[in-house]
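This is what each chain is made of:
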Amino acid sequence: MIRRALAAAAWAIAAPVAVAKVAVPELPEPLLADVRRVLSEGQVAGGAIVLVDASGPTAAHWFGFADVERGEKVGPATCFRAGSVSKLATALLAHRLAAAGVVALHAPLPQRLRPPAPAQCREPPTLAQLLEHTGGVAGSSHADYGAQQPNAPVAAIASRIARQPLRWCPALHYSYSNHGTTL
């Protein structure tokens, strides 16, 4: 069960791209009825649910709005900001990419993703430090959530975050950080 959950979480990162390229059936009943009932009880502006197995997406449902003011509906290519659940998927994907030799967990971040560090810092943050919340990257503030841009390109958001100074030298302290996961 845990292995399936981790596989689903890893797939969730790539799901919007994969789902946007293939026809995926609607969620099966009674799951769709349960989703609609839960949504009617809350105040969720929009979201997406994608069921996956080892071969990819098997069913999906998009609902509501990505941008209520502009009337932009959630769809297969809608981007959602990094949050608590996506941290697990991001970390799992990073470990899989490291095992495949695509990324190095303990190497300094690429220059374009390095936030300015305090003068006394000896090393820039690593991917591993971002994933474990010890990279010195500030967490998200209420102002960040209030100023979010629906469907903003991830590269643009990462570039903005990389310009914000580190709060302290990497590996010095722990601080929960959505921004670190985005980087």
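What you see is a predicted model; the values in this text were computed from it and never measured. (Residues numbered from 1 in each chain as written. Predicted model: local features only at pLDDT ≥ 70, side-chain atom pairs only at ≥ 80, totals over all residues. Heavy atoms only, no water.)

Colleague: Tell me about empty space enclosed by the protein, residues and numbers included.
Modeller: Counted according to the given criterion, the structure contains one cavity of 30 Å³ or more. Roughly 40 Å³ of internal volume is contained in the largest cavity. Contributing to the lining of the largest cavity are Leu 130, His 133, Thr 134, Gly 135, Gly 136, Val 137, Ser 175, Ser 177 and Gly 180. In terms of residue class, the lining of the largest cavity is built from two nonpolar, seven polar and no charged. (1 Å grid on protein atoms, 1.4 Å probe; cavity = no way out; pocket = protein on both sides within 12 Å on 5 of 7 lines; lining within 4 Å. Points joined across faces, edges and corners; volume = space filled by probe spheres on them. Nonpolar A, V, L, I, M, F, W, Y, C, P; charged D, E, K, R; others polar.)

Colleague: Go over the confidence of the model for the chain, please, and point to the residues and values.
Modeller: With 80% of its residues at a pLDDT of 70 or more, the chain shows a mean pLDDT of 81. Per-element averaging of pLDDT across the chain places helix H1 (residues 2-21) at the bottom with 45 and helix H4 (residues 127-131) at the top with 94. Note that residues 1-18 has pLDDT below 50 and, in this model, 20 contacts with residues that lie over four places away or in other chains. (pLDDT = per-residue confidence, 0-100. Helix = DSSP H or I, 4+ residues; strand = E, 2+ residues; numbered from the N terminus. Contact = heavy atoms within 4.5 Å.)

Colleague: Could you give an account of the environment of His 179, with specific residues and numbers?
Modeller: Along the chain, His 179 falls in helix H7 (residues 178-182). Residue His 179 is classed as buried on the basis of its relative accessible area of 3%. Sequence separation between His 179 and Val 137 is 42 residues; the distance between their C-alpha atoms is 6.7 Å. (Buried < 20%, exposed > 50% of the residue type's maximum accessible area, 1.4 Å probe, protein only.)

Colleague: Let's hear about the sheet that holds strand E3 (residues 72-73): which residues, and what values?
Modeller: Taking strand neighbours across the sheet as the criterion, the three strands line up as E1-E2-E3 in an open arrangement whose pairing is antiparallel. Strand pairing shows two members of the sheet lacking a second neighbour, strand E1 (46-53) and E3, which therefore form its edges. As paired strands, E1 and strand E2 (residues 56-67) are joined by eight bridges and run antiparallel to one another. In the sheet register, Ile 49 faces E2, and the bridge partner there is His 61. Contacts from helix H2 (residues 31-41) reach E1 and E2, with the element oriented near 20 degrees to E2. (Pairing = 2+ DSSP bridges. Axes fitted to C-alpha atoms, helices over the stretch in contact; angles between N-to-C directions.)

Colleague: Could you give me a rundown of the environment of Asn 178, with the residues and numbers involved?
Modeller: Considering the arrangement of structural elements, one finds Asn 178 in helix H7. In sequence terms Asn 178 and Gly 139 are 39 residues apart; their C-alpha atoms lie 5.6 Å from each other.

Colleague: Tell me about the pairing of E2, and name the residues and values.
Modeller: On a regular strand, each side chain points to the face opposite its neighbour's, so the side chains alternate between the two faces of the sheet. Between E1 and the antiparallel strand that follows it, E2, lie two residues. The pairing of E2 with E3 spans two bridges and is antiparallel. By the bridge assignment, Phe 65 is partnered in E3 with Lys 73. Between the antiparallel neighbours E2 and E3 lie four residues, among them Gly 71 with a positive phi of about 70 degrees.

Colleague: How would you summarise unusual backbone geometry if you had to cite specific residues and measurements?
Modeller: In the segment running from Glu 29 into Pro 30, the intervening peptide bond is cis, with an omega of 5 degrees. By the element assignment, Pro 30 lies in the loop between H1 and H2. Residue His 133 is not a glycine yet carries a positive backbone phi of 65 degrees. One non-glycine residue, Ala 171, adopts positive backbone phi at about 75 degrees. Position of Ala 171 among the secondary structure elements: in the loop between helix H6 (154-162) and H7.

Colleague: An account of the pattern of salt bridges is needed here, citing residue identities and associated values.
Modeller: Enumeration over the complete set of coordinates arrives at three salt bridges. One salt bridge connects Arg 70 with Asp 67, and the closest N-O pair in it is separated by 3.4 Å. Residue Asp 67 is classed as buried on the basis of its relative accessible area, which comes to 11%. Here Glu 72 and Arg 70 are joined by a salt bridge, their closest N and O atoms 2.6 Å apart. Members of the salt-bridge network, linked through shared partners, are Asp 67, Arg 70 and Glu 72. (Salt bridge = Lys/Arg side-chain N within 4 Å of Asp/Glu carboxyl O.)

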